[in-house]
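Below are the chains, spelled out letter by letter.
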Amino acid sequence: MPVTMLLKDYHQAFGDRFRQLAAARSGRSVFAIEHGLEVAALAIVRRQVARQLEIDPDLGSVSWGFCYLPLIVVASEVGYRYRGTGTDFWPLLAQDLNLDPRSIPPVHLSRLFELSHRTYGLARPGDSAWEQHFPHIAWPIGNAAVPLEVQGPLAHALRAAVRAGISYESKDSLLDYVRNIASGQSGRRFENWLKRSDLSGEVMTRLLDPAADGWLTETFVRRVDADVRRDVESRRAIGEARRLTSRRSGRQANIPASRFSIALDGDLVTRISVRGPTLTAELRDQVISTLRIQRDVLGTATSREFIQLRLFLAGGELDLGMTADWPEMPLRRGDGITNTSPQSTLLLERLQPDEAELFQLEADGRSAVALLPSEQVAQGAIIVRIRGEGEGLSVIQRLDASSARDVEILRKHGFPVREGRSMTRLSGLPMPGTGVQFSTGFPILALMAFDETVLVLDQKSAAQGHLEIAGFDWTVFEPEAGEHTIGPEGFDEASHTPFRMVDPPEIEAASISIHPKNATLTDLMDGTLEVRIRAPLPLENVHAQIKLVMAGEEDLVTEGNVDRLPAHIGGRMPLLQGLKTSLAKRGAVPATAARLQVSVKGLLAEQFLLLPSRQLFQYDERRRSWTARQGSEGELVSRVATFSNLLPSKSTAASAECTLVLPDSEAWGALGAGRIVREKNLLRLGQGTCEQPSLPRTVREALSRGGSPGLFEMASAYLAWRLAEASDPIANWQQRQAAHSLEAGLVDLLCGENWRRTEHGLNLSVLSPAGAFRISAQRLGLLSGDDLPPIARSFDMDFLTRRITLRLHQAVPDHEIALAGWNEDLGGELDLAVIEAYEDLRSHMLQEGRDAFEEVDMQRPASTWLLALERARDIPRLAMFRRFILPEARWEALSAFPYETTTEDDIVDLLDNCHVDAFRRPGLRWIGRPELRAMLELWISPRALLEAGEWQQYLAKSLSDMQTARAVRYAALRRKLSRLDFPEESLA
């Protein structure tokens, strides 16, 4: 077949380039991604390769032997941006070349890569389990050098390493630390990528110090740097790592404390906040790296509010809610960890605000901020003096800094007043904090109170220009970060207006994303799909809509309010549960592709492609055999399991029971390919009885012994039942019964019988603050008694329970505010809430034409309602498990952690930070991050556990460390509760 001259020329040019790189690298690998072409030239190569494949689709032909390098480059480009698990690489490559996926034989492409390795020294794949299972796509991904998939985790790992004091000049120490962080990341390909020490060490050095020399080509390093910085979180992480690397001094700077801020209604204080110090970008990085708080969030000891640490250190405010007095040490770590380094503890203490008496009124007249000792007051400022009197804080005096008498009072209290009034009006992008502060990156406009006066910056620097606005001539300055003054030339300092320029924090952009990135309809049905909504500000009560669009089907739509942003919507939360229910009724085929449209009113909207589910094994129902779609295993027999024997075993005999069928293969994905089959006349809803799953007696060992299953067999059975595909709702219900029974057996093995008994029947309503309040009130007898009518029917009791929960929530929407401003009147309102709930039930019964009870009246002691409210605050922490989790510091960290908006990686970081190893010996830890990751994924994302591989060796170690197994299970329960991810049967 003919080959175009242009394609031959590109092949020759690539060959010359790769030979030169190989000769200069003394045995180091050359990567096809280092081709050196710009985007426009690469598009031409892609079109030429596509045209040649149309002419000659046989990659084994002689003609391709003269022009294969352009195809290698195009395939490596696909590998660079590929984020899947293996089977969906070929459709992406075919889409790039506008071809049918079957026209690119994987074996022939691998042969061309092998030829490129022998001839030009291009990189060959490693020997990880994933690369061995997907040997063909391992070539293009390996030649991508630094795929997009590893760039984000790498940026975050480098920031963590630099924060820990690891220098990039010590490559071995840096690589060891990053490998420890990577162990247990959600994607194990990052961990595998780090095994190539020469490549990973080079990339880390060049990312931390862009000016450093190295053996990777400069154009490719610049491309990686640009791609890393396209993602907001990665840009923030690598930026902080570079700043800390460039100015690591070993000295802790003097950090000013935060200060109290108040909201005023006349002469009454209605709300108290803490305003953070306004620090430079350098100091912010130092504080953040010293505190080392998971997710870099700061919380309060008096409310559930949180704030990003970077925003707080740029003058942001953290709301404390309603308090009757100045709280002592109100700031706390947002991750709940108490066992921290002395430097971190000391720094957090220094950030705490001190009780204040004098506050400077701000321009809005409704808020004021505390004055720090010896702080200079601007002439003409209004100062309010506040003390605690009676039941709250109130303004007792207002001082005018332009009055001689009030100026003297301020001076006696240690607050000097700056002499002279400002004659200059300044305008810019304002920043929060005390005093006049503007953001860098924006010009400062200055206007004098009288004309024809030259303005100067810092009494010497001339203006950059002038700008006429509404008939006024404004002078333009562009000052750097720091303290400055602007005023008339030749006048003394008192006539110049002081101000400060501050580097703005990197604000988190509003975004909507899904996890996992390449999600399928199966992920949605399994409950592992999450929709993550982020916003620059903690918005409340925003309206969200989720729509599922499938070809040839009617669109499925759910909508509702999200209490607060940021938010993670997953599990059985209503917005996603509605879609899952509709899909189940429709009988959606997992191999179907769909579009998921997520919109947040007033914020943004995004659309995501849900890829077809990956089917690694094809099942023949008639022959009850399997065919592997990858590999050369040919036809496989089945393994089956039933309710009588939940553990899969080889069998070809049909069963009258609900049966799990899966391929008899050790290959990746076999455990996740199961089908649930049953006789159609076996069980109908509302007829007969269903046999309960039979769980055998287990042995607390990794391997089975004496006819009793061990951890491996139990975990394999649980994964197979949990991930199997059910053919109808009844089979789905039976599948969940089996999986639930096996899960209880695994909990017994790993956490002990007492833990399992405590966990049995855990009620979902403990998640909701209103539900927790109802349970607490019920336990104290506030919802029962002789003055309340008995409810006989279970349906009526369910209705009453829902109404009581709703009415209590309406009376007390925020527990912290209610506790801070508690009075006996609120106790009366709670009595009324219960009365109204009974009245709702009474009206409901009358509407149905049934006899109802008489109108009710009740009264309970307000002190008992207060006790119920205090206890309700601790119920969602699942305090019943406290005695099982040791030491106490680990319980405190795990119980105080906010699971609502955290990822699996955040939880692994938390478990790793509070971990206490059972084998306290020098050397490697017994339970490390890979083990923690595997233990967590077993409970919350079993499909990801299977896809990662090597899970058995990680789980085996958990048998000898029950305390850690319990800690992981507790974290998994809290995460499930935050996403309502429990079976409906547990709803009592």
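Bear in mind the structure is a predicted one, so any value in this text is a computation, not a measurement.

Pairs may arise between side chains of opposite charge once their charged atoms sit close together. Under the definition given, this model contains 46 salt bridges. For Arg 259, the salt bridge goes to Glu 375, with nearest N and O atoms at 3.0 Å. Taken together, the residues span a long stretch of sequence, with Arg 259 in strand 1 (residues 259-265) and Glu 375 in the loop between strand 8 (367-370) and strand 9 (382-389) at a distance of 116 residues. Measuring nitrogen to oxygen at the nearest pair gives 2.9 Å for the salt bridge that ties Asp 909 to Arg 929. Of the two residues, Asp 909 sits in helix 29 (residues 904-913) while Arg 929 sits in helix 30 (residues 929-940), which places them 20 residues apart along the sequence. The two residues Asp 909 and Arg 929 agree in class, both being buried.

This next bit is on the packing of helix 23 (residues 769-779) against helix 24 (residues 794-811). Axis separation between helix 23 and helix 24 bottoms out at 9 Å; the angle between their running directions is 110°. Classified by the angle between their axes, helix 23 and helix 24 sit roughly perpendicular to one another. When you trace helix 23 past helix 24, the crossing you get is right-handed. Where helix 23 abuts helix 24, its residues Ala 770, Gly 771, Phe 773 and Arg 774 lie against Thr 801, Ile 804, Thr 805, Leu 808 and His 809. Considering only residue class, the contact of helix 23 with helix 24 consists of 4 nonpolar, 4 polar and 1 charged.

This next bit is on the sheet that holds strand 28 (residues 635-636). Spatial strand order, 26-27-28: 3 strands in an open sheet with antiparallel pairing. Where the open sheet ends on each side, the last strands, each with one partner, are strand 26 (617-620) and strand 28. By the bridge criterion, 2 bridges tie strand 27 (residues 625-628) to strand 28 in an arrangement that is antiparallel. Bridge pairing in strand 28 links Thr 627 to Glu 635.

Let us look at the sheet that holds strand 29 (residues 638-642). Strand order in the open sheet formed by 5 strands is 30-29-31-32-33, with mixed pairing between adjacent strands. Unpaired on one side and paired on the other, strand 30 (649-650) and strand 33 (725-726) mark the two borders of the sheet. In terms of strand pairing, strand 32 (residues 675-677) meets strand 33 through 2 bridges, oriented parallel. The partner of Arg 675 across the bridge, within strand 33, is Glu 725. Across the sheet, helix 20 (residues 711-723) touches strand 29, strand 31 (659-663), strand 32 and strand 33, and the angle it forms with strand 31 is around 105°.

Time to look at the nonpolar core. Core analysis: the largest hydrophobic core is formed by 67 residues, its most contacted members being Trp 721, Trp 755, Leu 894, Leu 938, Trp 939 and Tyr 970. Listed in part, the 52 residues of the second largest apolar core include Leu 69, Leu 122, Tyr 619 and Ala 673.

This brings us to the confidence of the model for the protein. For the protein, the mean per-residue pLDDT works out to 82, and 90% of the residues sit at or above 70. Contacts for the low-pLDDT stretch residues 685-689, under 50 throughout, to residues beyond four places or in other chains number 2 contacts. Across residues 984-988, confidence stays below pLDDT 50; counting only partners more than four residues off in sequence or on other chains, it has 11 contacts.

About the cut-offs
Residues numbered from 1 in each chain as written. Predicted model: local features only at pLDDT ≥ 70, side-chain atom pairs only at ≥ 80, totals over all residues. Heavy atoms only, no water. Salt bridge = Lys/Arg side-chain N within 4 Å of Asp/Glu carboxyl O. Helix = DSSP H or I, 4+ residues; strand = E, 2+ residues; numbered from the N terminus. Buried < 20%, exposed > 50% of the residue type's maximum accessible area, 1.4 Å probe, protein only. Axes fitted to C-alpha atoms, helices over the stretch in contact; angles between N-to-C directions. Parallel < 35°, antiparallel > 145°, perpendicular 65-115°, else oblique. Left-handed = near helix turned anticlockwise from the far one by under 90°. Contact = heavy atoms within 4.5 Å. Nonpolar A, V, L, I, M, F, W, Y, C, P; charged D, E, K, R; others polar. Pairing = 2+ DSSP bridges. Core = buried A, V, L, I, M, F, W, Y, C linked by side-chain atoms within 4.5 Å. pLDDT = per-residue confidence, 0-100.

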